[in-house]
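Letter by letter, the chains look like this.
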Amino acid sequence: MRTPIIITKDATNGLPNGARSIIVRQSGGNAPAELIQYVSHDGEYVPEPCDSLDKVKGTAILCTAPGTDAEKLTLTHF
């Protein structure tokens, strides 16, 4: 996994105290980095593709310092 690691603001089931999604970038084996969203289904987090961060609202709990690398996602709040 690579930074940022984002916890979404809203629960995946829409409930006020429901499970939030976890979004990460992952790569390996010379494959390009991709965004993966871990979504809770019946108490188990399942990976699903995440196309974009454009509409994501949440907080990056681990992130790269802004301005250190233009190729990396660096925002801490979405």
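Residues numbered from 1 in each chain as written. Predicted model: local features only at pLDDT ≥ 70, side-chain atom pairs only at ≥ 80, totals over all residues. Heavy atoms only, no water.

## So, the environment of threonine 12
Part 1 of the reasoning: Among the structural elements, threonine 12 can be located in the loop between β1 (2-11) and β2 (20-28).
Part 2 of the reasoning: Look at threonine 12 and you get partly exposed, because its relative accessible area is 35%.
Part 3 of the reasoning: Each C-alpha atom, one on threonine 12 and one on serine 40, is 7.4 Å from the other, the two residues being 28 residues apart in sequence.
Part 4 of the reasoning: Dropping the residues within four chain positions of it, threonine 12 is found in contact with Ala19, Ser21, Val39 and Ser40. (Helix = DSSP H or I, 4+ residues; strand = E, 2+ residues; numbered from the N terminus. Buried < 20%, exposed > 50% of the residue type's maximum accessible area, 1.4 Å probe, protein only. Contact = heavy atoms within 4.5 Å.)

## Topic: the environment of histidine 41
Part 1 of the reasoning: Position of histidine 41 among the secondary structure elements: in strand β3 (residues 31-41).
Part 2 of the reasoning: Its relative accessible area of 39% is what places histidine 41 among the partly exposed residues.
Part 3 of the reasoning: Taking C-alpha positions, histidine 41 is 9.1 Å from alanine 19, a pair spaced 22 residues apart along the chain.
Part 4 of the reasoning: If sequence neighbours within four positions are ignored, histidine 41 has contacts with Val46 and Glu48.
Part 5 of the reasoning: Within the structure, the side chain of histidine 41 is placed 2.9 Å from the side chain of glutamate 48, a separation counted as a polar contact. (Polar contact = N/O pair within 3.5 Å; in protein donor to acceptor, adjacent residues only side chain to side chain.)

## A few points about the confidence of the model for the protein
Part 1 of the reasoning: Across the protein, the average pLDDT comes to 79, with 79% of residues at 70 or higher.
Part 2 of the reasoning: When mean pLDDT is taken per element in the protein, strand β4 (residues 44-49) scores highest with 91 and strand β5 (residues 58-62) scores lowest with 84. (pLDDT = per-residue confidence, 0-100.)

## Quick look at the pairing of β1
Part 1 of the reasoning: Relative to β2, β1 runs antiparallel, the two sharing 4 bridges. Note on β2: the bridge partner recorded for alanine 11 is arginine 20.
Part 2 of the reasoning: In this sheet, β5 lies alongside β1 in antiparallel orientation, the contact comprising 4 bridges. Of the residues in β5, the one forming a bridge with isoleucine 5 is leucine 62. (Pairing = 2+ DSSP bridges.)

## Digging into unusual backbone geometry
Part 1 of the reasoning: In this model, asparagine 30 sits at a positive phi of 65°, which is unusual for a non-glycine residue.
Part 2 of the reasoning: Along the polypeptide, asparagine 30 turns up in the loop between β2 and β3.
Part 3 of the reasoning: Positive phi outside glycine occurs at aspartate 42, with the angle close to 55°.
Part 4 of the reasoning: For aspartate 42, the location among the structural elements is in the loop between β3 and β4.

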